[in-house]
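Chains, contacts and geometry: an overview
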Amino acid sequence: MNNDIERVIIVGGGAAGWLTAGVIAAEHINVAATPSQRTLEVVLIESPQVPTIGVGEGTWPSMRGTLKKMGISETEFMIECDASFKQGSKFIDWLHSPSTASSDKAPFNNHSYYHPFSLPSQFHEINLAKHWQAHKQQVSFTNAVTYQGRLCDQGSAPKLISTPEYECNANYGYHLDAGKFAQFLQRHCCKKLGVQHIVDHVESISSQDNGDIAALNTKSNGTISGDLFIDCSGFKSLLIGEHYQVPFIEKKSVLFNDSALAVQVPYENQQSAISSCTHSTAQSSGWIWDIGLPSRRGVGYVYSSSHTDDDRAESELRSYLLSSMSKSQAESASLRKITFNPGHRAHFWHKNCVAVGIAAGFIEPLEASALALIEQSAKMISEQLPQNSQAMEMVAKRFNEKFLQRWRQVVDFLKLHYAISQRNDSEYWRDNRDIASIPQSLQQQLALWQYQLPYSYDITETEALFPAASFQYVLFGMGFNSAPPRYINLAEQEKAMALFQQNNQRSHQLLSALPSNRALLDKVHQFGFPKI
C-alpha cells in the first residue's frame, strides 16, 4: 500500500497540540480554497477535561518566527496571552549557597550570572572567550561580549514601540500565560488556518493489518480516521505510550527533579517593575523560577522528591515569597503541585504516529526547553510531511535520529548547570556533582574544556537547540577554569579588543534609548506595534 497523506489527526490540545496544528496548517492548507479542493485536512481532537500544564511559561526567541509564520499579530498575541518580553535567564546562588559564599568574590558576579538570548559579538567569526580570559577579574563574560545582561539588570525592554512586530533591538522571547496561550492558538487555528476542532474523549484505537493506526473511536463523534496521527496528549501519552508501548527512557539518575510547586503572585502595585528575564534561584533541593507577566508573577519551586519532601519544599518556596509580600500573604498563597517523571521516549515516530510535547518527553523547566522542542518538532513534521505512506518510513527514521540527538543535548546542557556547581550544602548538590550522575558525553566535554575553550566544533549539530555560546555563558558564569591559549594571534586580539569596546558603547546606547519592560508593555496595550 502507498496511501497519500491527506488527513492529519492531532490528539490533545494545549500548546503542543495547537502549535503543531498551526504550523502544519499554515504551510499546507490553502484556506482560500473550498474544503473539497484542499489537499490536506488537519483535525485536532481534545478532551474536555484535560487541564493545561503550563510549567515555566517561558519561550525562546524562536517563538517569534513560529507565531509570524502562523500569521499571528504580535500585538494581539501579547495582549490576549498576558505576555511580556524575555531576554534570557538569570541564575542566582547556583555557584555557592548564600550561607557559604565568600565575601571576596568579584563585585560584578554577586553569585549570579546570565544566559542571554544574544550571541557574543561576531560569534561565528571569532571566539571572544579566549581574549576575555585575561580580563575576567574586571568584567563578566556576558558583559564583555554582549549588552543583554546589562539590559536585564536595568529591566529594559528589547525594543521600542516604533519597532515593527517581531523585529528587535535585542533578541527576545516571551513569558506568557500558558492557559490563555492555548486558547488563543485554538481560536486562531480554527478561524484563520482551517483546523478542525473536535472536543471529545478517545475511547479506543483501531489498527490496520500492518500495525498503523487506522482510526480513533470517540465517545460522541464515533470513528475518526486519518493517515498521520500526532500524539500531543501530554503525560497520558495515549498513542505513542499506551497504544504502541514505545519504551520510556528515565533520566532521574542524571537530572533528579521530579516535582514542582507553582503559585501566582500579584504585584505590589500596577506600576511594579516587570523583569526582563527568568530568575532561577537555587535552593537546597532544586531551584525556584520567577517570571514576570504584565498582570502577575509566576513562581514555582522545582525539586527532587528523593532529596526533600513536599512540606520542606513548601516552606522554602513560602520563605522565598517573603521578599515580595507580607508574611500573611506568603503563608496563604495557593500552591499547585505538579509531578513528572524526567525522561523521554526511546523514539518518537512509530508507524504512522509521532509524539510531540510531553507525550514525547519532559525533563524539567530549567532553560524552558519544552516549548522549543515543540516548535522544532512541529517545524520538522511540517517541512518533512510525507506525501505518502512509503515516504513516511524514511521521514520517521530521520525525525527519530534528529530528536534523540536533541534530547541528549538537552540532558547534557541542563546537567552542566548542576555538575559544575561548588555548592556542598545539601545531599542534593553533592549528588549532582557526583561523577556517577554526569553523562559520559558531558564528562568528556568538561575534560576537554579544561584545555581548550568551547566553540563551534564542540556542538556539531546544525540548528542545535543550545549553541556553543550557551555552553560558554554557563561555564564562564559559573567560574569554570580553562587553560589560557598557548598562542594568541595579535591581529585577532586587536579585533577582539575593538569588539569589546563596541559592545560597551552599544550597551550604553541601548540603556539610554530603550524603555523599561513595564513602560513598553503599557504602550503595546495602548497603541500596538507597527505592522511589518
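This is a predicted model, so every value here is computed, not measured. (Residues numbered from 1 in each chain as written. Predicted model: local features only at pLDDT ≥ 70, side-chain atom pairs only at ≥ 80, totals over all residues. Heavy atoms only, no water.)

Some details on the overall build of the protein
When its secondary structure is counted, the protein shows 17 helices and 21 strands. Of all 532 residues assigned to the protein, the portion counted as buried reaches 57%. Within the protein, counting contacts between residues at least 6 apart in sequence, those at least 24 apart form 78% of the total. Accessible surface for the protein amounts to roughly 22700 Å². Of this, 48% is attributable to carbon and sulfur atoms. With 45 positive and 51 negative side-chain charges, the protein shows a separation of 4 Å between the mean positions of the two kinds. (Helix = DSSP H or I, 4+ residues; strand = E, 2+ residues; numbered from the N terminus. Buried < 20%, exposed > 50% of the residue type's maximum accessible area, 1.4 Å probe, protein only. Contact = heavy atoms within 4.5 Å. Areas by Shrake-Rupley, 256 points an atom, 1.4 Å probe, with all protein chains shown as cover. Lys, Arg positive; Asp, Glu negative; His and termini not counted. Charge placed at Lys NZ, Arg CZ, Asp CG, Glu CD.)

Some thoughts on the sheet that holds strand S21 (residues 361-362)
The strands making up a sheet associate through backbone hydrogen bonding, with each pair oriented either parallel or antiparallel. Spatially, S12-S18-S21 is the arrangement adopted by the three strands of the open sheet, whose pairing is antiparallel. Lying at the two open borders of the sheet, with one neighbouring strand each, are strand S12 (248-250) and S21. One ladder, built from three bridges, connects S12 with strand S18 (residues 343-345); its direction is antiparallel. Among the inter-strand pairings, Glu250 is bridged to a residue of S18, identified as Gly343. Against the sheet, helix H12 (residues 389-419) engages S18 and S21, with an angle of about 175° to S18. (Pairing = 2+ DSSP bridges. Axes fitted to C-alpha atoms, helices over the stretch in contact; angles between N-to-C directions.)

Observations regarding the packing of aromatic side chains
Tallied over the entire structure, the rule returns 29 aromatic pairs. Centroid distance Phe141 to Phe476: 5.0 Å. Interplanar angle 65°. Geometry classified as edge-to-face. Here Phe141, found in helix H5 (residues 141-145), pairs with Phe476, found in helix H15 (residues 468-477); they are 335 residues apart in sequence, far enough to count as distant. Note on accessibility: Phe141 and Phe476 belong to one class, buried. (Phe/Tyr/Trp six-rings, centres within 6.5 Å; stacked < 30°, edge-to-face > 60°.)

Comments concerning the layout of surface pockets
Volume-wise, the second largest pocket comes out at about 710 Å³. Counting only elements with at least two residues in the lining of the second largest pocket, the list comes to helix H2 (62-69), strand S5 (112-116), helix H11 (369-383) and H15. Each residue belonging to the lining of the second largest pocket can be placed in one class, and the counts come to 13 nonpolar, 10 polar and five charged. (1 Å grid on protein atoms, 1.4 Å probe; cavity = no way out; pocket = protein on both sides within 12 Å on 5 of 7 lines; lining within 4 Å. Points joined across faces, edges and corners; volume = space filled by probe spheres on them. Nonpolar A, V, L, I, M, F, W, Y, C, P; charged D, E, K, R; others polar.)

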